[in-house]
Number of protein chains: 2
Amino acid sequence: MDRVYNFSAGPSQLPLPVLEQAQRDLVNYPGAGCSVMEMSHRSKPYQAIIDTAEKTLRRIMNIPDDYAVLFLQGGASLQFSMIPMNLARQGQTTAYAVTGQFAKKAWEEGKRWGNAVAVVNGKDTNFARIPEITPDMIPQDAAYLHITGNNTIFGTTYNTLPDTGNVPLVCDLSSTILGKEFDVSRFDLIYAGAQKNMGIAGLTVVIVKKDRLTDDLDPVIPTMLRYKVMADNGSMYNTPPCFAIYMAGLVFQWVEQEGGVKALEERNTKKAYALYDYLDQSQVFHPVADPKDRSIMNVTFTLPDDEQTAAFIKMAAGRGLTNIKGHRSVGGCRASIYNAMPMEGVQKLLQCMKDFEAGLRE
Amino acid sequence: MDRVYNFSAGPSQLPLPVLEQAQRDLVNYPGAGCSVMEMSHRSKPYQAIIDTAEKTLRRIMNIPDDYAVLFLQGGASLQFSMIPMNLARQGQTTAYAVTGQFAKKAWEEGKRWGNAVAVVNGKDTNFARIPEITPDMIPQDAAYLHITGNNTIFGTTYNTLPDTGNVPLVCDLSSTILGKEFDVSRFDLIYAGAQKNMGIAGLTVVIVKKDRLTDDLDPVIPTMLRYKVMADNGSMYNTPPCFAIYMAGLVFQWVEQEGGVKALEERNTKKAYALYDYLDQSQVFHPVADPKDRSIMNVTFTLPDDEQTAAFIKMAAGRGLTNIKGHRSVGGCRASIYNAMPMEGVQKLLQCMKDFEAGLRE
């Protein structure tokens, strides 16, 4: 079976040159006499790998020196707990913008630790829009406002960051990091699971303002959930997810070789709007997300009924275009077109949609 | 550079056939049209991978049906917190056998949640021995007794499990799992980081008696740290460390092909005693661990002084025998000879020791 165009929301397609390099070096990493997977994390070759990964990420995201970069485990879901535990006192008010399923999960988890308040809740519009947030809506004693930068399931995104006044902004960037440019200094903390736009599952990147790191935390908080411990130990308080960090490092280098995040954002915008422009005039396919909040990473759309949806998914799969079925909570279809999805894959999907629509007219 | 014999304590050497198979299938997994790293964890091909991994592990370890197998993240270090949070009420007495550095870390972390009592502390003998534990030493209201099955740093192990009376036994098997046979039914919970004998860093396997799984936990405990949530979701409450689970599955299959854990235990015993027999009569190299508590996984030894130690490590490295430097807290040397280290590697190390000793006599 040939390699497909994989539109999975995550884990998702990786750049082919990255996979090929990993394959070439898998059994014997140049100069090391062993696989990256076999290296002691305390060895010089591995230290060079993790240092290079961090440096490259700092370069491509323009991360200021007063931010720490942490390579952690547990996915965004563990960050839902680590954020309140590290940035708020137990019982303190924390604010959440509930704009989708993962945003809601973050809020629910926040309630275990703090007085987590939903500032907005997109449930009323079936999460097809990002509700407007103004500073007066945010409790001024909130430790932070948590937003989900991009809602993978619904295909919505913040095309403009909310004004939070004096309340620090914390953001889940799992599905947009490296896919579009961000001014890191706008946030106190950014986090992202690696398996969408940065690498493979099992790695979470946290970018946090150094002045938010503190040892003065509730003693009940596990050592492994303390950002400062991880920062003080260069993400190696214990054995890190070595191979996942290596893969992310290769992806960071690939991003740089492709012209950086700005160039990829331009390419991603072209890819997404090739689809949106078609969706806006189609008689069969209908876009889900409100035009002003459309994501350039996840394009969601529906067909008139389940039968046509199933027929289209089958037709696409037959052309090597996989994983376009929408999330079970929304239905319809979703094309996740992260950095590693080339324009060619998007063009093939577009052609498939056109052929499907033409077939219905015959 | 040719592949070396890697005596690292972890991450450590992997079976070459496992690495070669992973390399062959890295870019395009048979029948999938993508890499394992690119598969949605909700896809059929990935479900088959994780199911096969669990089934194979159950077979090779004879895991009874009333035990759940969980594939988690965060290493043994996160288990140090999850165990008390899941198995004890806040403030409840928990018991620990402090037999090494990681055993001490587990105890320290246990104190954050419970009244963690050290039943024995091997500090007085520099952790060269496993102190004897009798049922009367363990508080009868303890939620469990936690032991570290094998102390990687000191090269000591429980060659006989302690009698704990009615107190459930919990065990860190990170450095012996699959290296020797265990009767799983003796434990309420076993856990192990994968990067020594099971695969790569970024995966922790937990084997827990199903009747210990409960939703009735303190609300403050993060969802991600709840065993029952992980068990109810087949280790996929969120995106699991997919590739690390795949690699572990390949290692489990390799163990089975090699004749199973019993056959590997016999081979490991031969490997270890080839070294111990030499150490017991050498005038230069001295074994660290007490004979009754010797590990077949990590063989620790010293030389008369730092200069000779450095010279020996250099000589070994020149012969492609790497990572034999002991842990900084013990000094000397350590040969970690997990399942993937062939007898040939041990023989080459032995020859190097003999040649070094002969060289000193000339």
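Up top is the structure these notes are about.
I will try to describe carefully the structure that is included in this document. Remember, predicted model here, so these are calculated numbers, not experimental data.

Details of the side chain of Asn339 of chain B
All names here are of chain B.
Then comes step 1: With respect to the secondary-structure elements, Asn339 resides in the loop between strand E14 (333-336) and helix H9 (343-361).
Then comes step 2: Polar contacts involving the side chain of Asn339 include one to the main-chain carbonyl oxygen of Leu178, which spans 2.8 Å.
Then comes step 3: Excluding residues within four positions of it along the chain, Asn339 makes contact with Leu178, Gly179, Asn197, Trp254, Val255, Leu264, Arg267, Asn268 and Lys271.

With respect to the pattern of salt bridges
Two side chains with opposite charge may pair up if their charged atoms get near one another.
Then comes step 1: Overall, the coordinates contain 28 salt bridges over all chains when judged by the stated rule.
Then comes step 2: Glu108 of chain B is paired through a salt bridge with Lys111 of chain B; the nearest N and O atoms lie 3.3 Å apart.
Then comes step 3: The exposure class assigned to Glu108 of chain B is partly exposed, which follows from its relative accessible area of 34%.
Then comes step 4: By relative accessible area, Lys111 of chain B is classed as partly exposed at 39%.
Then comes step 5: Connected via shared salt-bridge partners are Lys104, Glu108 and Lys111 of chain A.

Section: the sheet that holds strand E5 (residues 145-148) of chain B
Residues and elements named next belong to chain B.
Then comes step 1: The sheet built from seven strands is open, its strands ordered E2-E10-E9-E8-E5-E3-E4 with mixed pairing. Here the strands that pair on one side only, and so sit at the sheet edges, are strand E2 (67-72) and strand E4 (115-121). Averaged over all pairs of adjacent strands, the angle between strand axes in this sheet comes to 20°, irrespective of strand direction.
Then comes step 2: Pairing of strand E9 (residues 189-193) with strand E10 (residues 204-209), which is carried by five bridges, proceeds in the antiparallel orientation. Paired with Gly193 across the two strands is Thr204, which belongs to E10.
Then comes step 3: In the packing of helix H4 (residues 101-110) onto the sheet, contacts are made with strand E3 (93-98), E4 and E5, and the angle to E3 comes to roughly 165°.

Observations concerning the relation of the copies chain B and chain A
Then comes step 1: The transformation that overlays chain B on chain A combines an axial shift of 0.0 Å with a rotation of 180°, and the residual RMSD is 0.0 Å. Both copies of the chain, as the preceding transformation shows, are related through a two-fold rotation axis. Looking at the rotation axis and the C-alpha trace of chain B, the residue lying nearest is Gln23 of chain B, at 2.7 Å.
Then comes step 2: Most of the interface of chain B is mirrored in chain A: 100% of its interface residues are interface residues there too.

Quick look at the pairing of E5 of chain B
All names here are of chain B.
Then comes step 1: Residues Leu145 and Ile147 point to one face of E5 and His146 and Thr148 to the other, with burial holding for every one of them.
Then comes step 2: Where E3 lies against E5, two bridges are found, and the strand directions are parallel. Directly across from Ala95, in E5, lies its bridge partner Leu145.

Describing the environment of Tyr67 of chain A
Residues and elements named next belong to chain A.
Then comes step 1: With respect to the helices and strands, the residue Tyr67 is situated in strand E2 (residues 67-72).
Then comes step 2: Owing to a relative accessible area of 1%, Tyr67 belongs among the buried residues under this scheme.
Then comes step 3: Once the C-alpha coordinates of Tyr67 and Asp211 are considered, the two residues, 144 residues apart in sequence, prove to be 8.3 Å apart.
Then comes step 4: If near-sequence neighbours (up to four positions away) are discounted, Tyr67 is found in contact with Arg58, Val184, Ser185, Phe187, Asp188, Ile207, Val208, Lys209 and Lys210.
Then comes step 5: Within the structure, Tyr67 has its side chain in polar contact with the backbone oxygen of Phe187 (distance 2.6 Å).

Some thoughts on the interface of chain B and chain A
Then comes step 1: At the interface, 62 residues of chain B touch 62 residues of chain A.
Then comes step 2: Roughly 4,900 Å² is buried in total at the junction of chain B and chain A, and carbon and sulfur atoms are behind 57% of that figure.
Then comes step 3: By the criterion of area lost to chain A, the three top residues of chain B are Met37, Glu38 and Arg112 of chain B, representing 14% of everything that side buries.
Then comes step 4: Taken together, chain B and chain A are joined by two salt bridges.
Then comes step 5: Where the side of chain B that touches chain A is concerned, the elements lending two or more residues are helix H1 (16-24), helix H3 (75-87), H4 and helix H6 (242-257) of chain B.

A few points about the nonpolar core
Then comes step 1: Of all hydrophobic cores here, the largest spans 132 residues; its most connected members are Phe243 of chain A together with Phe243 of chain B.
Then comes step 2: Contact partners of Phe243 of chain A, with chain neighbours within four places excluded, come to Leu26, Val36, Met37 and Ile200 of chain A together with Met37, Ile200 and Phe243 of chain B.

Description of the packing of aromatic side chains
Then comes step 1: In the structure shown here, the tally under the stated rule is 27 aromatic pairs over all chains.
Then comes step 2: Ring geometry for Phe182 of chain A against Phe187 of chain A: centres 6.4 Å apart, planes inclined by 65°, an arrangement best described as edge-to-face. For the pair formed by Phe182 of chain A and Phe187 of chain A, the shared burial category is buried.
Then comes step 3: Their ring planes at 45° and their centres at 5.5 Å tell us that Phe243 of chain A and Tyr246 of chain A sit as a pair that is tilted. Here Phe243 of chain A pairs with Tyr246 of chain A, and both are found in helix H6 (residues 242-257), just three residues apart, close to one helical turn.
Then comes step 4: On the accessibility criterion, Tyr246 of chain A (4% relative accessible area) is buried.
Then comes step 5: By the ring-pair criterion, three or more aromatic residues cluster together here, those being Tyr29, Phe243 and Tyr246 of chain A together with Tyr29, Phe243 and Tyr246 of chain B.
Then comes step 6: Its end group placed over the ring of Tyr237 of chain B, Lys105 of chain A keeps NZ or CZ at 4.7 Å from the ring centre.

Side note on unusual backbone geometry
Then comes step 1: Note that the residue after Gly10 of chain A, namely Pro11 of chain A, is joined by a cis bond; omega there is -5°.
Then comes step 2: If you trace the backbone, Pro11 of chain A turns up in the loop between strand E1 (5-6) and helix H1 (16-24).
Then comes step 3: Of note, the phi angle at Asn323 of chain B is positive, near 60°, even though the residue is not glycine.

Here we look at helix H9 (residues 343-361) of chain A
Residues and elements named next belong to chain A.
Then comes step 1: Between its first and last C-alpha atoms H9 spans 27 Å; for 19 residues at 1.5 Å apiece the expected length is 27 Å, and the two agree.
Then comes step 2: Those residues of H9 that sit buried are Gly345, Val346, Leu349, Leu350, Cys352, Met353, Phe356 and Glu357. Along H9, the residues classed as buried sweep out an arc of 155° about the axis, all on the same side.
Then comes step 3: If you follow the buried residues of H9, they end up packed against E1, helix H7 (260-279), strand E12 (298-302), helix H8 (306-318), strand E13 (321-322) and strand E14 (333-336).

Some points on the pairing of strand E8 (residues 169-172) of chain B
Residue and element names in this part refer to chain B.
Then comes step 1: The side-chain alternation of E8 yields two buried faces, one formed by Leu169 and Cys171 and the other by Val170 and Asp172.
Then comes step 2: Direction of pairing for E5 relative to E8: parallel, over a ladder of four bridges. Paired with His146 across the bridge in E8 is Val170.
Then comes step 3: Pairing geometry for E8 and E9, over three bridges, is parallel. In the strand pairing of E9, Val170 is matched with Leu189.

As for the packing of helix H3 (residues 75-87) of chain A against helix H4 (residues 101-110) of chain A
Residue and element names in this part refer to chain A.
Then comes step 1: Packing of H3 against H4 brings their axes to within 9 Å, and their N-to-C directions diverge by 45°. Taken together, the axis directions place H3 and H4 in an arrangement best described as oblique. Between H3 and H4 lies a crossing of right-handed hand. Contacts between H3 and H4 involve Phe80, Ser81 and Pro84 on the former and, on the latter, Phe102, Lys105, Ala106, Glu109 and Gly110.

Reading the values: rules and limits
- Residues numbered from 1 in each chain as written.
- Chains lettered and ligands numbered in written order.
- Predicted model: local features only at pLDDT ≥ 70, side-chain atom pairs only at ≥ 80, totals over all residues.
- Heavy atoms only, no water.
- Helix = DSSP H or I, 4+ residues; strand = E, 2+ residues; numbered from the N terminus.
- Polar contact = N/O pair within 3.5 Å; in protein donor to acceptor, adjacent residues only side chain to side chain.
- Contact = heavy atoms within 4.5 Å.
- Salt bridge = Lys/Arg side-chain N within 4 Å of Asp/Glu carboxyl O.
- Buried < 20%, exposed > 50% of the residue type's maximum accessible area, 1.4 Å probe, protein only.
- Pairing = 2+ DSSP bridges.
- Axes fitted to C-alpha atoms, helices over the stretch in contact; angles between N-to-C directions.
- Least-squares fit on C-alpha atoms with pLDDT ≥ 70 in both.
- Buried area = accessible area lost by both parts, 1.4 Å probe.
- Core = buried A, V, L, I, M, F, W, Y, C linked by side-chain atoms within 4.5 Å.
- Phe/Tyr/Trp six-rings, centres within 6.5 Å; stacked < 30°, edge-to-face > 60°.
- Lys NZ or Arg CZ within 6 Å of the ring centre and 35° of its normal.
- Expected span 1.5 Å × (residues − 1).
- Arc of directions from axis to C-beta.
- Parallel < 35°, antiparallel > 145°, perpendicular 65-115°, else oblique.
- Left-handed = near helix turned anticlockwise from the far one by under 90°.

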